[in-house]
Amino acid sequence: SLRAAESSHAIMLRLSTLAIFAALCVCAVLAQDYDQSMDYSCRTDADCVPNAECHPAYCIDRATADTLTPPEICTLVYVCGAAYDAENCVCKDNVCHNITPDC
């Protein structure tokens with residue numbers, strides 16, 4: 001019947017959406033393997049800020065951050081280990097680091 005076909009289509013659409021979301025989460029975790037903070041130098045903790053993205057995995061120097069445009073919209077999903085505030089960034093050995101603990 002038409003109602004059963006519509007219900008089946010809705011279920012398939014939900015499963016597809018869930019699969020895409022899961023794939024994006026896996027990609028985000030894999031992308032965190034490389035600490036991109038190593039690319040940004042600093043002298044003090046005040047020189048370091050979170051990268052201009054929704055769920056920053058690494059910290060960058062303030063001069064670089066001033067040249068970037070943050071996203072207009074982000075999800076409200078909390079990502080473990082993301083540096084959401086400047087307090088999550090420190091300067092250690094002249095390199096900006098994200099010190100946010102992983103969940």
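Scoring rules and cut-offs
Residues numbered from 1 in each chain as written. Predicted model: local features only at pLDDT ≥ 70, side-chain atom pairs only at ≥ 80, totals over all residues. Heavy atoms only, no water. Core = buried A, V, L, I, M, F, W, Y, C linked by side-chain atoms within 4.5 Å. Buried < 20%, exposed > 50% of the residue type's maximum accessible area, 1.4 Å probe, protein only. pLDDT = per-residue confidence, 0-100. Contact = heavy atoms within 4.5 Å. Helix = DSSP H or I, 4+ residues; strand = E, 2+ residues; numbered from the N terminus. Disulfide = S-S within 2.5 Å. Phe/Tyr/Trp six-rings, centres within 6.5 Å; stacked < 30°, edge-to-face > 60°.

A.B. asks: Before we go on, may I ask you to explain the nonpolar core in this structure?
C.D. replies: Looking at soluble globular proteins, one finds that nonpolar side chains tend to be buried together. Ranked by size, the top nonpolar core spans seven residues in total: Cys42, Cys48, Cys59, Ala83, Cys89, Cys91 and Cys96. Core analysis: the second largest hydrophobic core is formed by five residues, Tyr40, Tyr58, Ile60 and Ala65 among them.

A.B. asks: Teacher, can you tell me more about the confidence of the model for the chain here?
C.D. replies: In regions of low pLDDT, the predicted coordinates are not meant to be interpreted in detail. Counting all residues, the mean pLDDT for the chain is 79, and 63% of those residues have values of 70 or more. Confidence over residues 21-31 falls short of pLDDT 50; this stretch has zero contacts with residues more than four positions distant or in other chains.

A.B. asks: I tried to follow the environment of Asp102 on my own but got confused; where do I start?
C.D. replies: You can see Asp102 is positioned in the segment after strand 4 (95-98). Taking relative accessible area as the criterion, Asp102 reaches 62% and is therefore assigned exposed. A sequence separation of 20 residues divides Asp102 from Ala82, and the C-alpha atoms of the two residues are 8.1 Å apart. Sequence-distant contacts of Asp102, defined by excluding residues within four places in its chain, comprise Cys80 and Gly81.

A.B. asks: Whenever I open this one, the state of the cysteines confuses me. Can you help?
C.D. replies: In a disulfide, the sulfur atoms of two cysteines are held together by a covalent bond. Per the counting criterion, the structure on display carries five disulfides. There is a disulfide in this structure between Cys59 and Cys89, and the S-S distance comes to 2.1 Å. What sets the handedness of the Cys59 and Cys89 disulfide is the S-S torsion sign, and at about -75 degrees it is left-handed. With Cys59 in strand 2 (residues 59-61) and Cys89 in strand 3 (residues 89-92), this pair connects stretches of sequence that are 30 residues apart. Each member of the pair, Cys59 as well as Cys89, is classed as buried. Assigning the bonded cysteines of the chain consecutive numbers by sequence position, one obtains the connectivity 1-8, 2-9, 3-5, 4-7, 6-10.

A.B. asks: Which parts of the structure should I look at to understand the packing of aromatic side chains?
C.D. replies: Counting across every chain of the model gives two aromatic pairs. Pairing Tyr40 with Tyr58 gives two aromatic rings, centres 6.3 Å apart and planes at 10 degrees, and the pair type is stacked. Here Tyr40, found in the loop between helix 1 (2-31) and strand 1 (48-50), pairs with Tyr58, found in the loop between strand 1 and strand 2; they are 18 residues apart in sequence, far enough to count as distant. Among the residues examined, Tyr40 registers a relative accessible area of 19% and is labelled buried.

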